[in-house]
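One-letter residues, chain by chain:
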Amino acid sequence: QVQLVESGGGLVQAGGSLRLSCAASGSIFLVNRMGWYRQTPGIQRELVADINAFGSTNYADSVKGRFTISRDNAKNTVYLEMSSLKPEDTAVYYCNIIRSGGTPSPTWGQGTQVTVSS
């Protein structure tokens, strides 16, 4: 089973940028869809961006135009470039495999905290 480790979070001022990384313990070459999710206390985890094996991407409306997801299969890593950050982007960010039914794998990493100050 592939283990995922997120990193790159931190504290940033509004309008700033961060780059998150998700390192997989095994190959993601055959994994069709990978996604970045975020969660704030009391709010259901939401999918903010996903990418398939061909590089096709989807974004939540709230991050469209500000976030960019990418993947490097050779490095078994998925990235999330975040710019023009807003305080409402504050959350713990997780990456995960998206299964064929559209649901995430039940195994989650520890996530990485992103805090955007106003």
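Structure: above.
Rules used throughout
Residues numbered from 1 in each chain as written. Predicted model: local features only at pLDDT ≥ 70, side-chain atom pairs only at ≥ 80, totals over all residues. Heavy atoms only, no water. Pairing = 2+ DSSP bridges. Helix = DSSP H or I, 4+ residues; strand = E, 2+ residues; numbered from the N terminus. Salt bridge = Lys/Arg side-chain N within 4 Å of Asp/Glu carboxyl O. Buried < 20%, exposed > 50% of the residue type's maximum accessible area, 1.4 Å probe, protein only. Core = buried A, V, L, I, M, F, W, Y, C linked by side-chain atoms within 4.5 Å. Contact = heavy atoms within 4.5 Å. Axes fitted to C-alpha atoms, helices over the stretch in contact; angles between N-to-C directions. Disulfide = S-S within 2.5 Å.

J.: Residue-level account of the pairing of strand β5 (residues 46-51), with values.
T.: Side-chain positions along a regular strand alternate between the two faces of the sheet. One ladder, built from five bridges, connects strand β4 (residues 33-39) with β5; its direction is antiparallel. Bridging from a neighbouring strand, M34 pairs with I51 of β5. Connecting the antiparallel pair β4 and β5 is a turn made up of six residues, with G42 showing a positive phi of about 80°. Alignment of β5 against strand β6 (residues 57-59), held across three bridges, turns out to be antiparallel. Of the residues in β6, the one forming a bridge with I51 is T57.

J.: Explain the pattern of salt bridges to me, using residue names and the numbers behind them.
T.: Proximity of charged atoms lets side chains of opposite charge pair with each other. Scanning all chains against the criterion turns up six salt bridges. As a salt-bridge pair, K64 and D61 come within 3.1 Å of each other at their nearest N and O atoms. The residues K64 and D61 share a single accessibility class, namely exposed. Residues joined in a network through salt bridges with shared partners are R38, E46, R66 and D89.

J.: Kindly report on the nonpolar core, identifying the contributing residues and their values.
T.: Soluble, globular proteins show a tendency: their nonpolar side chains are buried together. Grouped together as the largest cluster of nonpolar side chains are 27 residues, with contacts concentrated most on W36, L80, M82 and Y93. Of all elements in the fold, only β3 (18-24), β4, β5, β7 (67-72), β8 (77-82), β9 (91-98) and β10 (112-117) reach the threshold of two or more residues within this core. Setting aside its immediate chain neighbours within four residues, L80 contacts L18, R19, L20, W36, V48, A49, F67, T68, I69 and Y93.

J.: Could you give an account of the sheet that holds β10, naming the residues involved and the relevant values?
T.: The strand order across the open sheet built from six strands is β2-β10-β9-β4-β5-β6, with neighbouring strands paired in mixed fashion. In this open sheet, the two edge strands, each paired with only one partner strand, are β2 (10-13) and β6. Direction aside, the axes of adjacent strands within the sheet are offset by 25° on average. Pairing of β4 with β9, which is carried by seven bridges, proceeds in the antiparallel orientation. Looking at the pairing, M34 lines up with I97 of β9.

J.: Please set out the state of the cysteines residue by residue, giving values where relevant.
T.: Evaluated as defined, the whole model comprises one disulfide. Paired through a disulfide, C22 and C95 show a sulfur-sulfur distance of 1.7 Å. Since a negative S-S torsion denotes a left-handed disulfide, the C22-C95 link at about 50° is right-handed. Of this pair, C22 sits in strand β3 while C95 sits in strand β9; the two residues are 73 residues apart in sequence, bridging distant segments of the chain. C95 carries the same exposure label as C22, and that label is buried.

J.: Go over the environment of C22 with me, naming the residues and quoting the values.
T.: A relative accessible area of 2% places C22 in the buried class. Linking C22 and R45, residues 23 residues apart in sequence, is a C-alpha distance of 17 Å. Beyond its immediate stretch of four places on either side in the chain, C22 contacts L4, V5, E6, W36, N76, T77, V78 and C95.

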